[in-house]
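One letter stands for each residue in the lines below.
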Amino acid sequence: MGRAFVYVILGGGVAAGYAALEFVKKGVSHGELCIISDEPVAPYERPALSKGFLLPEAAARLPSFHTCVGANEERLTPKWYKENGIEVVLGTGVKSADVKRKTLLTTTGETISYKFLIVATGARALKLEEFGVSGSDAENVCYLRDIADANRLVNVIQSCPEGNAVVIGGGYIGMECAASLVINKINVTMVFPEEHCMARLFTTKIANYYEEYYKSRGVNFVKGTVLSSFDFDSNGKVTAVNLRDGSTLSVDMVVVGIGIRPNTGLFEGQLTLEKGGIKVNGMLQSSNSSVYAIGDVAAFPVKAFGETRRLEHVDSARKSAKHVVAAIMEPDKTGEFDYIPFFYSRIFTLSWQFYGDNVGEVIYFGDMSGSAFGAYWVSKGHLVGAFLEGGNKEEYEAIAKVTRLRPAIEDLTELERQGLGYAVTV
Ligand code: FAD
Ligand code: NDP
């Protein structure tokens, strides 16, 4: 049994949805494009799962957050794919790929062949077992990557009103889930190995601002240690979290956010890998000319930094998706992907954005005791990164623009004096 398509997108997440929209905008013919996803639903905006989806009231539910609403584009419902002649194969994993033969074998035993393959398989959540701790399968231990995880998390939250949660990990999932748990009136203790939250992006000073805010909302922090084991009751439910520093925390539920691994397994030994992802060039093309990669799984050249990076954020998934379709359908009119990294988060009533690279000297601006403050990163005499909490639309656009321009900075004191005004007027 087999079918053949001109274009196949492997994976049905954020990047797949945005690529589908771009294919239609560029006039793909009915029957040419197929999306294969092991998720049971059409592509959706994954960021909603740790935010609107977890609200105790008026929570976001599908179909409201199918792609591409997150970028104020059309909402691509299953009906949209049908009307546009796109074959969406849901609830079906791809179990092997043969890039020489240009075929994929699905879990249902079907062989799907392609002329162009776009790998958009994203990533999977790292499990505690990979750090030598068992208990991930307990009914009150939650991870958060897909809609099934999110539904499970909602059920666990509802099963322990005003209960105690331990959140393992001080990264994005940890911070956003801790905020959502507090909004659900759950008592939260965050446990992570670093000295402060969001250690890969935030400076100590920026992290302190958020930690103080979280403390004001009742969150406890246990820093500089990791989980060593769980205690279980006779039903296999976790009742306590034992930490390596010797302390124990009683719990009703646990949320784990300790990072991800890109889903590259199908292509190991077939495509060149780098930084844990599939290495692609500026046209997002892999070491096999018929195979492209986008989103979390792609390691692509960031022109402004002069190096290959793999990003795990929705904006790069959306933009790389748009670019790959142009690169495939209009190669002569399409240049290299020229992307400035953009990360953001929304927690409680706070909201921040970051553009560029967090290397070099840090210059702070604004009022940390007020609502809006930020920082610039200056490396080798150029402004290379900018962070802003509590900005308005124009201010965020300004820090995005200034980061793209990479202006030469001769006087750091003057930059500090001008603060956000520098970005706004440049
Ligand atoms: P994904 O969206 O993960 O999609 C990959 C798809 O491939 C999935 O459908 C998966 O099931 C499927 N797949 C994988 N392997 C196979 C296979 N063998 N066969 C078939 N299908 C397969 N980023 C931000 O910038 N801001 C945010 O606020 C933000 N919030 C987030 C909140 C949560 C809870 C999570 C989990 C992530 C968040 N992110 C956020 C990150 C962002 O969602 C990802 O960067 C983005 O989803 C990457 O898109 P992708 O298409 O590459 O991968
Ligand atoms: P992150 O990489 O952001 O954070 C993982 C955190 O867990 C780090 O603080 C890490 O520390 C810590 N950690 C690692 N191992 C352990 C351990 N054994 N015990 C305790 N802590 C540990 O990953 P997340 O899981 O938070 O997020 C998953 C993905 O979802 C990421 O790709 C992220 O970008 C994405 N996401 C993005 C959001 C956004 O952009 N707003 C929101 C939600 C998710 P260390 O740094 O030392 O390894």
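See above for the structure.
Please read these numbers as outputs of a predicted model, since none were measured by experiment. (Residues numbered from 1 in each chain as written. Chains lettered and ligands numbered in written order. Predicted model: local features only at pLDDT ≥ 70, side-chain atom pairs only at ≥ 80, totals over all residues. Heavy atoms only, no water.)

A word on the sheet that holds strand E26 (residues 382-389)
Selection rule: Pairs of strands are assigned from DSSP output, requiring at least two bridges between the strands. Elements are defined by DSSP. Helices are runs of H or I of four residues or more, strands are runs of E of two residues or more, and each kind is numbered from the N terminus. Helix axes use the C-alpha atoms of the stretch in contact, all axes being lines fitted to C-alpha atoms, and the angles between their N-to-C directions lie in the range 0 to 180 degrees. Contacts are assigned to residue pairs with any non-hydrogen atoms lying within 4.5 Å of each other.
With antiparallel pairing, five strands are arranged side by side in an open sheet as E22-E23-E26-E25-E24. Because the sheet does not close on itself, it has two edges, and the strands there are strand E22 (342-347) and strand E24 (361-366). Here the strands of the sheet are splayed against their neighbours by 15° on average, with no regard to which way each runs. Bridge count between E22 and strand E23 (residues 350-356): six bridges; the pairing is antiparallel. Counted as the bridge partner of Arg346 is Ser351 from E23. The strands that helix H5 (residues 204-216) touches are E22, E23, E24, strand E25 (373-379) and E26; relative to E25, the one it contacts most, it runs at about 155°.

So, the site of ligand 2
Under the convention used in this document: Any residue with at least one heavy atom within 4 Å of a molecule or strand is counted as near it. Throughout this description, a polar contact denotes any pair of N or O atoms lying within 3.5 Å of each other; where both atoms belong to protein, one of them has to be capable of donating a hydrogen while the other can accept it, and for residues adjacent in sequence the pair is counted only when both atoms sit in side chains. Each accessible area is a Shrake-Rupley estimate made with a 1.4 Å probe; only the visible protein chains count as cover when residues are assessed.
The immediate surroundings of ligand 2 are formed by 20 residues, with Ile173, Glu176, Glu194, Glu312 and Tyr344 found nearest. The separation between an oxygen atom of ligand 2 and a polar side-chain atom of Arg200 is 2.8 Å. At 2.8 Å, a backbone N or O of Tyr344 approaches a nitrogen atom of ligand 2. Relative to its unbound accessible area of 910 Å², ligand 2 is 83% covered by the protein chains. Looking at the shell around ligand 2, the elements with two or more residues in it are helix H4 (172-183) and E22.

With respect to the pairing of E23
Put simply, the test is: Relative accessibility thresholds used throughout: buried, under 20% of the residue-type maximum; exposed, over 50%; partly exposed, between the two (1.4 Å probe, protein chains only).
Within E23, six of the seven residues are buried, which leaves the element mostly enclosed by the surrounding structure. Counted along the chain from E22 to the antiparallel partner E23, the turn is two residues long, and its residue Phe348 has a positive phi close to 50°.

Remarks on the pattern of salt bridges
Stated precisely, the cut-off is as follows: Just to be clear on terms, a salt bridge is a Lys or Arg side-chain nitrogen sitting within 4 Å of an Asp or Glu carboxyl oxygen.
Across all of its chains, the model carries 23 salt bridges by this definition. Measuring nitrogen to oxygen at the nearest pair gives 3.6 Å for the salt bridge that ties Lys26 to Glu22. The exposure class of Glu22 is buried, given its relative accessible area of 8%. Arg310 serves as the salt-bridge partner of Glu312, at 2.8 Å between the closest nitrogen and oxygen.

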